[in-house]
Amino acid sequence: MKKKVISMLLAGAMVLSLAACGGGSSDSGSSGGGAAAADSGSSGGGAAAAADSGSSGGSGTKLTIWTWDQSFNIAAMNTAIEMYKADHPDFDAEVIETPSEDCETKLTTCANSGDYSTMADIVLMQDNSYQKFLASYPDAFTDLSDIGIDWSQFPELKQSYSMVGDQHFGVPFDNGAVIGCYRTDILEEAGYTIDDLTDITWTRFMEIGQDVFAKTGKYLLSSEASGGDTLLMMIFSCGAGVVDADGNPYIVDNEAVKACVDIYVQMIKNNVVLLVNSWDDYIKSITTGQTAGIVNGNWITGTLMSTEDQAGKWEITTMPRVDGVATATNYANNGGSSWYITSNCKDVALAKDFLLNTFGNNTDFYDAILPTTGAIACYLPAAETEAYNAPSEYFNGQPIFATIVEYSGHIPAYNRTPYHYESRTALNTAVQQIVDGADPATALQEAQDTLAFNMGQ
Amino acid sequence: MNTKKKGMTLIEKQRMSGWFFLAPASIMIAVMSFYPMIRAFILSLQTGTGVNMKFTGFSNYQRILADKVFIQSIGNTFFYLIIQVPIMLVLAILLAQLLNNQHLRFKGLFRTCVFLPCATSLVSYAIIFRSLFAQDGLVNSVLVNLHILPQAYNFLGNALSARIVIIIALIWRWTGYNMVFYLSGLQNIEYSVYEAAKIDGANGWKTFWGITVPLLRPTIIMTFIMSINGTLQLFDESVNLTKGGPANASITMSHYIYNTCFVNVPNFGYASAMSFIVFIMVAILAFINLKVGDTRD
């Protein structure tokens, strides 16, 4: 009897907790379009349970949008929806939080089954992923060349990520200009200021880093061991790529790559760069004050600003440049993303109009999302507005937005490849091997062979 | 003629009902397992990125021979297999033996405790192990504070230790699972057999090797096959715990296959070919296992 009662209780608790889970998720699902459901009783929002794309009929088309970061691109998209809705009362759209990896996995799965019906209408994609998917699944994308955007108002480098020939497949969203970000309090402890780290070389960076480590026990930089972008950023800042103009691997005889690998390995060995094992650890190394600096795409400021107790301690400047390479600069691009309209879009004209009038040509919109999300526009006219020149409290009063936009004008172009992630893995593997004592030439040869192998059929 | 028209005989009816009961499961297996296998094989004969596939015969299988990362992943997987499976099964059998003791109190509690790890999801336990063995994780801080280590050790950043962490994680996760099979096997052994052994003067060790192990043989074979199968398809730990690193030192075959499809430029033909190699390995190992364990001479 006792057993029965206990098992009943347990079963009951389980059912309840499961139900709570279900309730929770449906809550968050509707919260995205919370405002929508409130004002438009007619849209059939009442039948919210049918949140799938099947419920599209009725009053106008409801666009579904996949994107992944609550405090960043989801917030920006929600602002866009609200602004567009102000002019178009019939408009309805729902943002479904989908991690970046899932967006890509879903696209891959849909494409291979030849059935795109489960895709959303508009999806955000990492710029670094575009070329790979455009080459692999050209039929998944809608050509946006005729969307009506004045493309000359966006940096060419940014556009080129999502282009094939002259065709556009992405509406640019956030800027990926690389910044150097430093904890001024830790620098001060070691006797340095932000100016000592401005426009410097990596060799100088290493000297300072060793000094900082000796005096404070903190690293000057952290990077992910196998998925880190640091090395690639260094290479790209020289205007060099890991492939030649024909797209073939170009590592072994590439002076820029060799110089970057060399200095990067030295920094790891000399306690200047801390190698961590995952993205979580990377973020943790920053938020716990284990490292005094960041070199990454400026979108990292969004994550940084959520660490409120460090407000006022951070300042930004340029990233270091590689010494001994003639084309080296203090500027690079890392990450950033663009919106694409899937081939499953139910109302392409509407989706295009929506993207055009928000992300495509609207400085008011970019001003609106800037303070809340820190999403810095690629839309050049946006940078001239007041909002962009406002000082940022978190960054000790620096006008970081205008600064970052200024940086993005200096970024050199480089040879891109659909095999971006393969090259990253291959190079990081080589770095690991060299740090563990392998001969650099052998390790780089292996990286080149691996990349060439990946590119083969 | 007439008799036939009357309908089926009793035996025929029984046979029919037998087929009737078999049909649903068989059809499901055919549709869910065999059909995809055939499709995967066809896919493995094609090559190309994304949807631009064309038939090229066995070129993907030739490609495998030149793929250093895949060969390394085979090595890693067998490293796990050879070290982890025996340790885990021996532990499981010992635990089962302990917990099968008739005089032990709180048996249920102990059994639940040992089995409990199996109730955690693969991803979450892998992430927990990752944070346990992080440089500022629990393991490091305990070892440093006990002065066993002078400074935090980067467990997941070194090839050998990363693999060992995966093995420890696997043992933690799966020992209880296998123990349950052994427990149920042990309960099928008549207690009188043990009593007879006792009377004949056999000690615990002798009883274990002379009675328990032979009588558990079918269960041991089953757990062996399942463990080998599971280890060859190891995925979550490699992805979530070590991310295959450092420098591919802990990447498993399934993880690499996944990368080929979903992280790198998608090449499903090649990925299918690699999957087929894994399939063949599982089949061969299971076959050997069955032959070795076959008591019929």
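All figures in this text were calculated on a predicted structure; none of them were measured in a lab.

**So, the side chain of T429 of chain A**
With respect to the helices and strands, T429 of chain A occurs in helix 17 (residues 420–435). The residues contacting T429 of chain A, other than those within four sequence positions of it, are A247 and N248 of chain B.

**Brief notes about the pattern of salt bridges**
Here the structure, examined in full by the defined rule, presents eleven salt bridges over all chains. Taking the shortest distance from any N to any O, the salt bridge between D136 of chain B and K284 of chain A comes out at 3.6 Å. In this pair, D136 of chain B is assigned in the loop between helix 6 (122–132) and helix 7 (138–145) and K284 of chain A in helix 11 (residues 279–287), connecting two distinct chains. Classification of D136 of chain B by relative accessible area gives partly exposed; the value is 43%.

**Focus on the sheet that holds strand 7 (residues 178–183) of chain A**
Residues and elements named next belong to chain A. Pairing is antiparallel in the open sheet, where three strands are placed in the order 10-7-11. In this open sheet, the two strands that pair with only one neighbour each are strand 10 (293–297) and strand 11 (314–317). Strand-to-strand twist across the sheet, computed as the mean angle between neighbouring axes with direction ignored, equals 25 degrees. Summarising the sheet, strand 7 and strand 11 pair through four bridges and their orientation is antiparallel. Paired with R183 across the two strands is W314, which belongs to strand 11. Taken strand by strand, helix 16 (residues 400–408) contacts strand 7 and strand 11, and its axis lies near 25 degrees from that of strand 11.

**A look at the interface of chain A and chain B**
With 33 residues of chain A at the contact, the number on the chain B side is 32 residues. Of the roughly 2,700 Å² buried between chain A and chain B, counting both surfaces, carbon and sulfur atoms make up 50%. There are two salt bridges connecting chain A and chain B. Residues D280 of chain A and R130 of chain B are paired through a salt bridge, measuring 2.5 Å at the closest nitrogen-oxygen approach. For the pair chain A and chain B, the number of links is six residue pairs in polar contact (both at pLDDT 80 or more). Among the secondary structure elements, those contributing two or more residues to the side of chain A that touches chain B are helix 4 (100–113), helix 5 (127–136), strand 9 (273–276), helix 11, helix 17 and helix 18 (440–455) of chain A. The residue inventory of the side of chain A that touches chain B, partitioned by class, reads ten nonpolar, 15 polar and eight charged.

**Quick word on unusual backbone geometry**
Positive phi is not limited to glycine here, since N396 of chain A has a value of about 55 degrees. By secondary structure assignment, the location of N396 of chain A is in the loop between helix 15 (386–389) and helix 16. Taking relative accessible area as the criterion, N396 of chain A reaches 44% and is therefore assigned partly exposed. Even without a glycine there, the phi angle at K243 of chain B is positive, about 55 degrees.

**Structural notes on the domain arrangement of chain A**
Bring the parts together and some accessible area is lost; that lost area is often taken as the interface size. Residues and elements named next belong to chain A. Assigned domains within chain A: domain 1 (56–175 + 335–384) and domain 2 (178–332 + 401–455). When each unit is reduced to the centre of its C-alpha atoms, the spacing between domain 1 and domain 2 is 29 Å. With both chains or domains summed, domain 1 and domain 2 bury close to 1,600 Å², and 62% of this area falls on carbon and sulfur atoms. Elements with a contribution of two residues or more to the side of domain 1 that touches domain 2: helix 5 and helix 6 (156–161). The element that contributes the greatest number of residues to the side of domain 1 that touches domain 2 is helix 5, accounting for four residues.

Rules used throughout
Residues numbered from 1 in each chain as written. Chains lettered and ligands numbered in written order. Predicted model: local features only at pLDDT ≥ 70, side-chain atom pairs only at ≥ 80, totals over all residues. Heavy atoms only, no water. Helix = DSSP H or I, 4+ residues; strand = E, 2+ residues; numbered from the N terminus. Contact = heavy atoms within 4.5 Å. Salt bridge = Lys/Arg side-chain N within 4 Å of Asp/Glu carboxyl O. Buried < 20%, exposed > 50% of the residue type's maximum accessible area, 1.4 Å probe, protein only. Pairing = 2+ DSSP bridges. Axes fitted to C-alpha atoms, helices over the stretch in contact; angles between N-to-C directions. Buried area = accessible area lost by both parts, 1.4 Å probe. Polar contact = N/O pair within 3.5 Å; in protein donor to acceptor, adjacent residues only side chain to side chain. Nonpolar A, V, L, I, M, F, W, Y, C, P; charged D, E, K, R; others polar. Domains from an automatic or database assignment.

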